[in-house]
Amino acid sequence: MEPSAPSHRALLRALESNDPGLARRHAFDIVALRDKVGRVEEFPDVAVPKQAVGETTETATALELWLGFEMPTSLRLDRLLANELGISRSRLQALEERRLLLVDPGGAKALRKPAREGTTLRIDLTGEPDRQVIIAAALR
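What comes next concerns the included structure. (Residues numbered from 1 in each chain as written. Predicted model: local features only at pLDDT ≥ 70, side-chain atom pairs only at ≥ 80, totals over all residues. Heavy atoms only, no water.)

1. A look at the pattern of salt bridges
Where charged atoms from two side chains of opposite charge come close, those side chains can pair. In total, this model carries 5 salt bridges according to the counting rule given. Residues Arg-91 and Asp-130 are paired through a salt bridge, measuring 2.7 Å at the closest nitrogen-oxygen approach. Taken together, the residues span a long stretch of sequence, with Arg-91 in helix 5 (residues 89–97) and Asp-130 in the loop between strand 3 (120–124) and helix 6 (131–139) at a distance of 39 residues. Put simply, Glu-128 and Arg-98 hold a salt bridge, and the shortest N to O gap is 3.3 Å. (Salt bridge = Lys/Arg side-chain N within 4 Å of Asp/Glu carboxyl O. Helix = DSSP H or I, 4+ residues; strand = E, 2+ residues; numbered from the N terminus.)

2. Observations concerning helix 6
Considered for burial, the residues of helix 6 that qualify are Ile-134, Ile-135, Ala-137 and Ala-138. Along the axis of helix 6, the buried positions cluster into a sector of 160°, meaning they face one direction only. (Buried < 20%, exposed > 50% of the residue type's maximum accessible area, 1.4 Å probe, protein only. Arc of directions from axis to C-beta.)

3. Points about the environment of Gly-127
Residue placement: Gly-127 occurs in the loop between strand 3 and helix 6. Taking C-alpha positions, Gly-127 is 8.1 Å from Thr-61, a pair spaced 66 residues apart along the chain.

4. Focus on the pairing of strand 3
Where burial is concerned, the two faces of strand 3 differ: the one with Leu-121 and Ile-123 is buried and the one with Thr-120, Arg-122 and Asp-124 is not. By the bridge criterion, 5 bridges tie strand 1 (residues 62–66) to strand 3 in an arrangement that is antiparallel. By the bridge assignment, Glu-64 is partnered in strand 3 with Arg-122. Across 4 bridges, strand 2 (residues 101–104) lies against strand 3 in antiparallel orientation. Bridging from a neighbouring strand, Leu-101 pairs with Ile-123 of strand 3. (Pairing = 2+ DSSP bridges.)

Okay, structure coming up:
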């Protein structure tokens, strides 16, 4: 599908003005680069800006997350979550098996697939002794 004329003009203006955001998105678009060259060495971490949208009080028992990225990443969802929440990947898998971690869109082995823009997650932390630590880590 061809871009509409206004978005095409906006892209052209951004290219002509050497827009730093556009340059960064293209320079670090690992998915697009991998399509062209096959193997790409990546850093193991990704910058994850965060903003609280739900309840974050001491009585909170669930964590709801929406993933938004400046650019695509091939980092696995379980690795990203483990790093950001300070919990192990095996614990994430156990939460998923007990249906306390829901991924949308899900599918088979959703945690083992690359993290994608627009993914939503809900983690029920009821009964987890470190739930406040996990919620605090999600907000850091």
